[in-house]
Amino acid sequence: MSRQTFPTYSSSCGWNAMLPSRTPRPALGTDLSVDYAIVGAGFTGLAIARRLQELEPQARIVVLEATTVGEGSSARNSGFTGSDVLPRTATLEGAQKARRQTELMTASFTWLTDIIREHGIACDLTKAGSIRAAATEAGETSLRQVVEVAKANGIAHTVLDRDNIAQRIGSHYYRFGVYLNDTYLLQPAALIRGLADALPDSIALHETTPVRKLVRSGDRWKLQTDGGVVTAKRVALANNGFIPRFGYLKLRMATIYTYAAVTKSIPEHLRDYLGKNPAWGLLPSHRLGTTLRRIGADRLMVRSLYSHEMEEHPPEAEAKLRDRFERRWSELKHVDFEYVWGGTTAFTMNGAPWWGQLDKELYASGGCNGSGIAKGTMLGRHLADLMHGTGRANEIADTMGTASLIAPEPFRSIGFHIVSSLESRRAGLES
Ligand SMILES: Cc1cc2nc3c(=O)[nH]c(=O)nc-3n(C[C@H](O)[C@H](O)[C@H](O)COP(=O)(O)OP(=O)(O)OC[C@H]3O[C@@H](n4cnc5c(N)ncnc54)[C@H](O)[C@@H]3O)c2cc1C
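Attention here is on the structure that accompanies the text. (Residues numbered from 1 in each chain as written. Predicted model: local features only at pLDDT ≥ 70, side-chain atom pairs only at ≥ 80, totals over all residues. Heavy atoms only, no water.)

## Quick notes on the pairing of strand 18 (residues 362-366)
Then step 1. In terms of residue burial, strand 18 counts as a mostly covered element, since 5 of its 5 residues are buried.
Then step 2. Of the two faces of strand 18, the one carrying Leu 362, Ala 364 and Gly 366 and the one carrying Tyr 363 and Ser 365 are both buried.
Then step 3. Where strand 11 (residues 229-237) and strand 18 come together, 3 bridges link them in parallel fashion. If you follow Val 235 over to strand 18, its bridge partner there is Leu 362.
Then step 4. Pairing of strand 17 (residues 354-359) with strand 18 involves 5 bridges; the strand directions are antiparallel. Bridge pairing links Gln 357 to Tyr 363 in strand 18. (Buried < 20%, exposed > 50% of the residue type's maximum accessible area, 1.4 Å probe, protein only. Helix = DSSP H or I, 4+ residues; strand = E, 2+ residues; numbered from the N terminus. Pairing = 2+ DSSP bridges.)

## So, the sheet that holds strand 16 (residues 337-347)
Then step 1. As summarised here, the arrangement of the 8 strands in space is 5-6-4-13-14-15-12-16, forming an open sheet in which the pairing is mixed. On the outer flanks of this sheet lie strand 5 (157-161) and strand 16, each paired with one strand and no other. Across this sheet, the average inter-strand angle for adjacent strands is 20°, counted without regard to direction.
Then step 2. Bridging between strand 12 (residues 254-263) and strand 16 involves 10 bridges; their strand directions are antiparallel. By the bridge assignment for strand 16, Ala 261 is matched with Val 340.
Then step 3. The strands touched by helix 5 (residues 137-152) within the sheet are strand 4 (130-134), strand 5 and strand 6 (176-180), with strand 6 carrying the most contacts at an inclination of about 30°.
Then step 4. Seen against the sheet, helix 6 (residues 162-169) touches strand 4, strand 5, strand 6 and strand 13 (281-284) and runs at an angle of roughly 100° to strand 5. (Axes fitted to C-alpha atoms, helices over the stretch in contact; angles between N-to-C directions. Contact = heavy atoms within 4.5 Å.)

## A short note on the packing of helix 2 (residues 43-55) against helix 7 (residues 188-197)
Then step 1. The N-to-C vectors of helix 2 and helix 7 enclose an angle of 25°; their axes lie 10 Å apart at closest approach. In terms of axis orientation, helix 2 runs roughly parallel to helix 7. Relative to helix 7, helix 2 is oriented so that their crossing is left-handed. Counted together, Phe 43, Leu 46 and Arg 50 of helix 2 and Pro 188, Leu 191, Ile 192, Leu 195 and Ala 196 of helix 7 form the full contact between these two elements. (Parallel < 35°, antiparallel > 145°, perpendicular 65-115°, else oblique. Left-handed = near helix turned anticlockwise from the far one by under 90°.)

The following block contains the structure:
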């Protein structure tokens, strides 16, 4: 039996629930003939659509989205973004490569922030910086290398001890940290909704319109949906972890679920436990660690856990997130979560995306791993150039690399379980 071609989730997206309700664009209800069809209205898909329209204002462009904008992974993430790749590398050798990547990312990030400004998208974009924090000795060793990279490259940074971190986040959990002013924090559902609603009128967006089948017929692609068939000259797959469900890139990317929870409003007399800074974000030193954020005046967010191809049973995911929250803020044990949700992301073995042409007039970009807000925008924008005929086929691979091979099933699932349990053990208190 073939597997479903699009994601569905057990819980709705907390970020979306915090916003006023929005009326989605209607589902496709008729057959359609277009120049460009884009599958997926996340950061990648919307960047492709907008850029194609800039390049070819007369082109007929349609974006097909399985769920409603605000319920996909582009809304379900933690809202950390930025274009500066350099401070994230822990090695001096990686710094030169990171510098080239930063240059590539910066142009698209500026393009994104210009759109936000021009359309007045209220997504709480704040350059709050981020704290990289370690709770273990191994984590501290790795972060001390980040400090060396920052020093060698003249990047402003602040080294933090346990008390310094506690002042910022209201918890003494972490032993060592470094603050870097390279990160923006934002409300991801507000941003993706704003981007969708600000699309030029000539771009048709159909929500609740999953593409169930993709077939080549003569010199066109046919995209089958419940309400009609789209016939397109060119197609972009911007459905990230679900690209393999159309039979492509099965050995290049895997779908990984990760999870987030946001507390109820924390009572006034306990607000010291939210830290002194009005907005802060904390990234773990270990890649399987826990991400934390303060949201607004009165809430905390915890993002953690991974599962392969399948969403974890919601009560179990919630219990594990709860454990991570209470270990950090035992004084807030009685504060319940208001929202808990999971989301998907495409994982690639070497962390590089897959980007380019898959087949005749068929293109794809996916595998942003955990940083799709800026990277998805950049990759989507450049994919539009390639589809239009003005981009360079190796442009992304030359700078970002390309997704390496992953083992086929069942070895992949077995490998995922072995590596994730080993790494989780290694992550220890970072989880
Ligand atoms: C909990 C969590 C925290 C994260 N934290 C961060 C973070 O802080 N910063 C960051 O940059 N990234 C983060 N990420 C990763 C980020 O969300 C992704 O990299 C990003 O969403 C990728 O954007 P995209 O447009 O490529 O894919 P997606 O956002 O997944 O968009 C693809 C869209 O395609 C749609 N789709 C799928 N199949 C079909 C189909 N058959 N037909 C039609 N539509 C289809 C989906 O519904 C989806 O809306 C996080 C992810 C999660 C889950």
